[in-house]
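# Structural characterization, general
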Amino acid sequence: MKPYTKPNQPLVNHIFTADPSAHVFEGKIYIYPSHDLDHDGPDNDNGDQYAMEDYHVLSMENFDSPVVDHGEALHLRDIPWASSQLWAPDAAYKNNVYYLFFPARDQDGIFRIGVATASSPAGPFKPEPNYIKDSYSIDPAVFVDEDDQAYMYFGGLWGGQLEKWQTGSFDSSQTEGPAADKPALGPLVALLSEDMLSFKDKPFEISIVDEEGNPILAGDEERRYFEGPWVHKYNGYYYLSYSTGTTHKLVYGISKNPQGPYTFKGTILTPVIGWTTHHSIVQFEDKWYLFYHDCSLSDGVNHKRCVKYTELKYNADGTIQTIDPYAE
Ligand code: FUB
């Protein structure tokens, strides 16, 4: 396996990887990606082509060292409640335990979020017997604040089923989101319990507003939330970044409160090769990095993606400089 550690190059090329959640654990960079299956089936708006069955954890000592694939860290067959589609995961460390949070369809085909634990950041991870009570939809991102309170952010439109939960319970017939002139659906946030295995309370929706405090509308596809939330903290502000889905951008808002409302600020990453875009933001030593994916390794096949990274820079006012990953 040839190790890649150059910016804007695939981190690995022996498997297809996507949805990278990067963390610094034990002084190294650990990346928790989806492991895309190499199949030639058709793709659709429901995301059936994202048929992933396991997770591999990647790590690097630093940005000048080889990437290590630690092998299978968790497989669908070992998750009692799950039936298919291991989508974008995230990891967290607390209580001397490493936690892997992941979405999958339950036995009824409804996306839920589960948790698995390990004593090492590379796994293997042992899943809890049931999904997290009151969890639904996809793309968990867990942020542990300086006071040790952990928050899970999650939710995704279309194949992520968020539209189907608008009444508070799952309605399989509900395929439409709010009208274009109504507030868009936001990501959900839930406070995690001390043991990180359950929600303290029911999740609630985060509001994303413009500079005047007005909610971003469902028809505003350049700015509205679609999927892939990530929260990080910089200079006392919480940054909520996410994918706009149909307009293929990574954008962000900021807040003084981890639970929002978040004020929309701008674009982090312009569209990449392929339909989806999904990321994480992490500080390593004195620099910040964006981990993202595109489909360059498969010449543009939407479900055969590859994880990459690039440096992320802030302006003096705390805004993030927009990145074009293909700029010369
Ligand atoms: O990898 C499957 C899905 O594609 C993720 O959950 C979404 O964020 C999108 O990247």
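All figures in this text were calculated on a predicted structure; none of them were measured in a lab.

What counts, and at which threshold
- Residues numbered from 1 in each chain as written.
- Predicted model: local features only at pLDDT ≥ 70, side-chain atom pairs only at ≥ 80, totals over all residues.
- Heavy atoms only, no water.
- Near = heavy atom within 4 Å.
- Polar contact = N/O pair within 3.5 Å; in protein donor to acceptor, adjacent residues only side chain to side chain.
- Areas by Shrake-Rupley, 256 points an atom, 1.4 Å probe, with all protein chains shown as cover.
- Pairing = 2+ DSSP bridges.
- Helix = DSSP H or I, 4+ residues; strand = E, 2+ residues; numbered from the N terminus.
- Buried < 20%, exposed > 50% of the residue type's maximum accessible area, 1.4 Å probe, protein only.
- Lys, Arg positive; Asp, Glu negative; His and termini not counted.
- Salt bridge = Lys/Arg side-chain N within 4 Å of Asp/Glu carboxyl O.
- Contact = heavy atoms within 4.5 Å.
- UniProt positions renumbered as here; feature names shortened; annotations may be inferred.
- Phe/Tyr/Trp six-rings, centres within 6.5 Å; stacked < 30°, edge-to-face > 60°.
- Lys NZ or Arg CZ within 6 Å of the ring centre and 35° of its normal.

Around the ligand, a shell composed of Asp19, Met52, Trp87, Ala88, Ile138, Asp139, Glu227, Thr276, His278, His293 and Arg305 is seen. At a separation of 2.5 Å, an oxygen atom of the ligand approaches a polar side-chain atom of Asp19. One of the side-chain nitrogen or oxygen atoms of Asp139 is found 2.5 Å away from an oxygen atom of the ligand. In the complex, the protein chains occlude 99% of the 280 Å² of accessible area that the ligand would expose alone.

The next subject is the pairing of strand S12 (residues 188-191). Across a regular strand the side chains alternate sides, sitting on one face of the sheet and then on the other. Where strand S11 (residues 150-154) meets S12, four bridges bridge the pair, whose relative direction is antiparallel. Paired with Tyr153 across the strands is Val189, a residue of S12. Direction of pairing for S12 relative to strand S13 (residues 204-205): antiparallel, over a ladder of two bridges. Across the sheet, residue Val189 finds its bridge partner in S13, namely Phe204.

Examined against the element boundaries, Arg105 turns out to sit in strand S7 (residues 97-106). Despite its burial, Arg105 pairs with no opposite charge; the closest candidate is Asp48, at 4.3 Å N-O. Once residues lying within four places of it in the same chain are set aside, the contact partners of Arg105 are Asn46, Asp48, Trp81, Ala82, Ser83, Ser84, Gln85, Ile110, Phe111 and Gln161.

Turning our eyes to something else, we now look at the UniProt feature "active site" (unreviewed entry) in the chain. This chain's UniProt record puts "active site" (unreviewed entry) on Asp40 and Glu227. These annotated residues cover 188 residues of sequence, and their C-alpha atoms reach 24.7 Å apart at the extremes, leaving them scattered rather than at a single site. Here Asp40 shows up in the loop between strand S2 (28-36) and strand S3 (54-60). Residue Asp40 is classed as exposed on the basis of its relative accessible area of 74%. At 3.1 Å, the side chain of Asp40 forms a polar contact with the side chain of Lys304. In this fold, Glu227 is placed in strand S15 (residues 227-234).

Turning to the sheet that holds S11, a few remarks are in order. With antiparallel pairing, four strands are arranged side by side in an open sheet as S10-S11-S12-S13. Of all the strands in the sheet, just strand S10 (141-144) and S13 have a single pairing partner and so form its edges.

Glancing now at the packing of aromatic side chains. Working definition: an aromatic ring pair is given by the centre-to-centre distance plus the angle between the planes. Scanning the model with the defined rule gives 33 aromatic pairs in all. Between Trp81 and Phe102, the aromatic rings sit 5.9 Å apart at their centres with planes inclined by 15 degrees, giving stacked as the arrangement. Here the residue Trp81 occupies a position in the loop between strand S4 (67-75) and strand S5 (82-84), and Phe102 occupies one in strand S7, the gap between them amounting to 21 residues. The pair formed by Trp81 and Phe102 is uniform in burial state, with each residue classed as buried. Of the aromatic side chains, those joined through ring pairs into one cluster are Phe25, Tyr30, Tyr32, Tyr93 and Tyr98. The ring of Tyr237 carries the charged tip of Lys256 above its face, separated from the ring centre by 4.3 Å.

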